[in-house]
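# An overview of the molecular structure
Each chain is listed here by its residues.
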Amino acid sequence: MTAPLRRARGAAACAIALAVTIAGAAPAAGSPDYLDARLAALRRAEESPKPPPAAAAAAELAKIGRGYLDAGRLGPAIEVLEEAVARAPDDTRSLARLILALTRREDYEFARSYLDAASDREPGAGVAPIYAEIGDRMFSAHRVEAAVAAWELYRRGGGSDRSVLVRLDRARRELSATPGQRSLASDRFTIYGDEAVAAEDLARIEGSLSREHDRQAELFGTPLRGPQTVVVHAGHRYFSLISIPDWVSGVFDGKIRVSLDSARPFAPQAESVLSHELAHAFIRQVSEGRAPGWLHEGLAQWCSGRRIPRAEFRRELGSARPRSLEEMDGNLTAGFDAQKARANYAEALGLVEYLVERRGEGSVFCLVRDLGAGANLAAALAREAQMTPAELVAGWKAWAGME
């Protein structure tokens, strides 16, 4: 910073402090009125006989706008940051914070227009974390192109977190696999379908999910908090691009994704897949993301109506031996080997079936809620099933004739 600019900013600070003093005692820093008082003081200082220099006033607006954003006051943040950006177009941090405020308020179209402007310039220092969040929020809203633009600014701004760069690569692949989409929105779901997916199939999917949502909301004791994004891919091209094998027809990655054969009518099997992936959305929400993989997969299968008779578990597992809960979670996240997956999914469902038979279905859903309240798995199992994790596995093995 040059000496003249430091002096200008110092003069602005003095003028603003004087305006606050004239108005009365200044609110304490961090109080709800503090930022309002600073903004009012700046306005009075700018109307005084000796207004602060333009650069210093713009810098003060940027600080106030950031304060509003940090406090979650999105309306004032957007108003002030827009003014800061207009006065200082090279202020890349204020521009990034403006885009973030608009994205948090779900003003996606306005956010995208500013994002396009940001993409035409160097991001500047310190903005990478802001663009990482913008990308995540845009992607969650299925604004895939905007997410790619934001994550690219993250990369250009020096961001190097591998998980963010993986999300960028995956979003680029999705764009290459879905050149055009149609959408259908309801209170509970926003559904996007490839151009090859018939509009009537999207309507059937929305109806099926809405009915299933109401049923599962009763089981979990709560509806989904907001509209769930659903992406219907025609064929398996997108799944192939992200290395999901042909025998998988649905995944949940924060969005419900299903692969639909557009050459065939909407089938009951598709409804089962939708039910399964919807259950994952409920489990993630109710457990606050703390449910282990075996519980996710076992309960999602159970919610979709799949059952394995006790006498069939040995055949379902084949040559695989029953696993501990830790081993199952490792296998469920290690890849998509068909034989291992079949055995692990069977055991995961078996554990849920065993819990339901021994303690009632309510115990399983209470287990998920306990996890969401902060209990660890051992404590939640002890409370809802009076079992340790090892006792759960041993009990299921005896119950299923796997000893």
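Structure: above.
## Overview of the overall build of the chain
Along the chain, the regular secondary structure elements total 19 helices and five strands. With 403 residues in all, the chain has 47% of them scored as buried. Pairs at least 24 apart in sequence give 65% of the contacts found in the chain among residues at least 6 apart. About 19200 Å² of surface is accessible on the chain, with carbon and sulfur atoms providing 51% of the total.

## What to know about unusual backbone geometry
Phi at E106 takes a positive value of approximately 65 degrees, unusual for a residue other than glycine. Along the chain, E106 falls in the loop between α5 (92-104) and α6 (108-119). Looking at E106, the relative accessible area reads 53%, which means it is exposed. Unlike most non-glycine residues, Q386 shows phi in positive territory, near 55 degrees.

## Looking at the packing of aromatic side chains
Remark: the centre distance and the inter-plane angle together describe each pair of aromatic rings, the angle taken between the planes. Tallied over the entire structure, the rule returns seven aromatic pairs. Ring centres of W302 and F365 lie 6.2 Å apart, and the angle between their planes is 65 degrees; on these two criteria the pair is classed as edge-to-face. Placement of the pair is W302 in helix α13 (residues 293-303) and F365 in helix α17 (residues 361-372), with a sequence separation of 63 residues. Joined through ring pairs, the aromatic side chains of F220, F282, W302 and F365 make up one cluster. Against the face of F139 rests K255, its NZ or CZ located 3.5 Å from the ring centre.

## Describing the side chain of R97
As for its position among the elements, R97 is in helix α5. Despite its burial, R97 pairs with no opposite charge, the nearest such side chain being D91 at 5.8 Å.

## Notes on the sheet that holds strand β2 (residues 189-194)
Strand order in the open sheet made by the five strands is β1-β2-β3-β5-β4, with mixed pairing throughout. Strands with a single pairing partner mark the edges of an open sheet, and in this sheet they are β1 (181-185) and β4 (250-252). Neighbour-to-neighbour, the strand axes of the sheet open up by a mean angle of 15 degrees, direction not taken into account. Alignment of β4 against strand β5 (residues 256-260), held across three bridges, turns out to be antiparallel. Bridge pairing in β5 links V251 to R257.

## Focus: the packing of α6 against helix α7 (residues 128-140)
For any two helices packed against each other, the geometry comes down to the angle between their axes and how far apart the axes lie. Remark: α6 packs on α7, axes separated minimally by 13 Å, with the N-to-C direction vectors making an angle of 135 degrees. One finds that α6 runs oblique with respect to α7. Of the two elements, α6 crosses α7, and the hand of that crossing is left-handed. Contacts between α6 and α7 involve Y108, A111, R112, L115 and A118 from the first element and Y131, R137 and M138 from the second. Here the contact of α6 with α7 is composed, by residue class, of six nonpolar, no polar and two charged.

## Describing the nonpolar core
Judged by nonpolar contacts, the single largest core of 60 residues is most densely connected at F220, V232, W294, L295, L299, L392 and W396. Of the residues forming this core, the biggest block, nine residues, is contributed by helix α12 (residues 268-286). In contact with V232, other than residues within four places in its own chain, are I191, Y192, G193, D194, V197, L202, I205, V258 and L260. Formed by 48 residues, the second largest nonpolar core is a distinct cluster that contains A77, L81, Y131 and F139.

## A word on the packing of α5 against α6
Remark: α5 packs on α6, axes separated minimally by 8 Å, with the N-to-C direction vectors making an angle of 160 degrees. By the angle between their directions, the pair α5 and α6 is classed as roughly antiparallel. Every pair of crossing elements has a handedness; the one defined by α5 and α6 is left-handed. Here L95, L98, I99, L102 and T103 of α5 lie close against α6, whose contacting residues are Y108, F110, A111, Y114, L115 and A118. Taken together, the residues that form the contact of α5 with α6 break down as 10 nonpolar, one polar and no charged.

## Observations concerning the environment of S208
Here S208 shows up in helix α10 (residues 199-220). Considered as a pair, S208 and A270 are 62 residues apart in the sequence and their alpha carbons are 9.5 Å apart. For S208, the residues in contact, after removing those within four places along its chain, are E271 and L274.

## As for helix α18 (residues 377-385)
Along α18, the positions that sit buried rather than exposed are L377, A380, L381, E384 and A385. Angularly, the buried residues of α18 cover 100 degrees about the axis, an arc narrow enough to put them on a single face. One side-chain oxygen at the N-terminal end of α18 lies 3.3 Å from the backbone nitrogen of A378; it belongs to N376. Q386 sits one or two residues past α18 and shows a positive phi near 55 degrees.

Quick notes on the rules
Residues numbered from 1 in each chain as written. Predicted model: local features only at pLDDT ≥ 70, side-chain atom pairs only at ≥ 80, totals over all residues. Heavy atoms only, no water. Helix = DSSP H or I, 4+ residues; strand = E, 2+ residues; numbered from the N terminus. Buried < 20%, exposed > 50% of the residue type's maximum accessible area, 1.4 Å probe, protein only. Contact = heavy atoms within 4.5 Å. Areas by Shrake-Rupley, 256 points an atom, 1.4 Å probe, with all protein chains shown as cover. Phe/Tyr/Trp six-rings, centres within 6.5 Å; stacked < 30°, edge-to-face > 60°. Lys NZ or Arg CZ within 6 Å of the ring centre and 35° of its normal. Lys, Arg positive; Asp, Glu negative; His and termini not counted. Salt bridge = Lys/Arg side-chain N within 4 Å of Asp/Glu carboxyl O. Pairing = 2+ DSSP bridges. Axes fitted to C-alpha atoms, helices over the stretch in contact; angles between N-to-C directions. Parallel < 35°, antiparallel > 145°, perpendicular 65-115°, else oblique. Left-handed = near helix turned anticlockwise from the far one by under 90°. Nonpolar A, V, L, I, M, F, W, Y, C, P; charged D, E, K, R; others polar. Core = buried A, V, L, I, M, F, W, Y, C linked by side-chain atoms within 4.5 Å. Arc of directions from axis to C-beta. Polar contact = N/O pair within 3.5 Å; in protein donor to acceptor, adjacent residues only side chain to side chain.

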